[in-house]
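# Residue-level structural notes
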Amino acid sequence: MLQWPRLGPSVLGKMAEKQEEPSNAQNGEPDNAEEGEGKKKKVKREDLPPFEIVTGERLPAIFFKFQFRNVEYSSGRNKTFLCYVVETQGKEPVTCRGYLEDEHAAAHAEMAFFNTILPTCQAGARHDVTWYVSSSPCVTCAERICETLRKNKGLRLTIMVGRLFMWEEPEMQAALRSMKEAGCKLRIMKPQDFEYVWKNFVEQEEGEEAKSFVPWEDIQENFQYYEEKLAEILH
């Protein structure tokens, strides 16, 4: 049986960030995270690793609760979290899952998937790929998605997004339509999809029973809002 590699942190090429740098708390870390034993020197923006992609099997719960929340205005959410499921068809079907998180001025998570995950898939086989992404791809990533789908006829991609990224911009709307035309299935995450990510991609406290997913107050309302916007764009 084909064995899938366990991916650790990797370093990829530099690309533009989607949004401005948030505080630690907005990224799921306390604002005083850099303080502690010995009162460590505060890390400045320019001291942070500029080309890092974080990979793994499960993401911290505090990141999920902030980054995946389907709010209308995503201020401070400058990262993209991409949870993926790859089902490879063949004599011995294989399922691979994990998540990618872009850091600081890193390559976007969508690009990281094509650069590090897809090449490990069995050549010539059919791959059914599902992404659960905190926000929809930017224009550059959308172009890469279209290009990859056109070159790989055996690749089927479904993207489930928590929020629409800069959907008001005509260029972004055109990019979303291009992905659809290239064969990509675009969907807005329903409350049930957030629960699926919680169960399958979020870390649970060691030694404790798995905690149930607790929907936020406006999760259904925001889902309907984004679903209507996406339908208008793709119509």
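Below you will find a few notes about this structure. (Residues numbered from 1 in each chain as written. Predicted model: local features only at pLDDT ≥ 70, side-chain atom pairs only at ≥ 80, totals over all residues. Heavy atoms only, no water.)

### A word on a positive patch on the surface
The grouping of Arg 156, Lys 180, Lys 185 and Arg 187 at the surface amounts to a positive patch. Mapped onto the secondary structure, Arg 187 falls in strand E7 (residues 185-188). (Patch = residues over 30% accessible without salt bridge, like charges linked within 9 Å, V, L, I, M, F, W, Y side chains within 5 Å. Areas by Shrake-Rupley, 256 points an atom, 1.4 Å probe, with all protein chains shown as cover. Salt bridge = Lys/Arg side-chain N within 4 Å of Asp/Glu carboxyl O. Lys, Arg positive; Asp, Glu negative; His and termini not counted. Charge placed at Lys NZ, Arg CZ, Asp CG, Glu CD. Helix = DSSP H or I, 4+ residues; strand = E, 2+ residues; numbered from the N terminus.)

### Re the nonpolar core
One recurring pattern in soluble globular proteins: nonpolar side chains tend to sit buried together. Core analysis: the largest hydrophobic core is formed by 43 residues, its most contacted members being Tyr 84, Phe 113, Trp 131, Ile 159 and Met 179. Residue contacts for Trp 131: discarding those within four places in its chain leaves Leu 82, Cys 83, Tyr 84, Glu 110, Phe 113, Phe 114, Ile 145, Leu 157, Thr 158, Ile 159 and Met 160. If you look at the next biggest cluster of nonpolar residues, it comprises 19 residues, including Tyr 99, Met 160, Trp 198 and Ile 219. (Core = buried A, V, L, I, M, F, W, Y, C linked by side-chain atoms within 4.5 Å. Buried < 20%, exposed > 50% of the residue type's maximum accessible area, 1.4 Å probe, protein only. Contact = heavy atoms within 4.5 Å.)

### Description of unusual backbone geometry
The backbone phi angle of Met 166 is positive, close to 50°, even though this residue is not glycine. Tracing the sequence through the fold places Met 166 in the loop between strand E6 (155-163) and helix H4 (170-181). A residue is classified by how much of its surface remains accessible, and Met 166, at 41% relative accessible area, is partly exposed.

### Structural notes on the pairing of strand E5 (residues 127-135)
Counting buried residues along E5, 8 of its 9 residues qualify, which places the element largely inside the surrounding structure. Inspection of the sheet shows strand E3 (residues 81-88) paired to E5 by 7 bridges, in the antiparallel sense. Note that in E5 the partner of Tyr 84 across the bridge is Trp 131. As paired elements, E5 and E6 share 8 bridges and run parallel to each other. Within E6, the residue paired with Val 133 across the bridge is Val 161. Handedness of the crossover is the feature at issue here: the chain leaves E5, passes through helix H3 (residues 139-151), returns alongside E6, and the resulting connection is right-handed. (Pairing = 2+ DSSP bridges. Right-handed = clockwise from strand over helix to strand, strands pointing away.)

### A closer look at H4
Two residues of an α-helix separated by three or four positions point the same way, owing to the 3.6 residues in each turn. The terminal C-alpha atoms of H4, which comprises 12 residues, lie 17 Å apart, in line with the 16 Å expected from a rise of 1.5 Å per residue. What H4 keeps buried is the set Met 172, Ala 175, Leu 176 and Met 179. Here the buried residues of H4 occupy an arc of 100° about the axis, which is enough to place them on one side. In H4, those exposed residues whose orientation departs by more than 90 degrees from the buried face are Pro 170, Glu 171 and Glu 181. Its buried side turned inward, H4 meets H3, E6, E7 and helix H6 (219-234). (Expected span 1.5 Å × (residues − 1). Arc of directions from axis to C-beta.)

### Quick look at the pairing of E6
Burial within E6 is extensive, with 7 of its 9 residues counted as buried. In terms of handedness, the path from E6 via H4 over to E7 forms a crossover that is right-handed.

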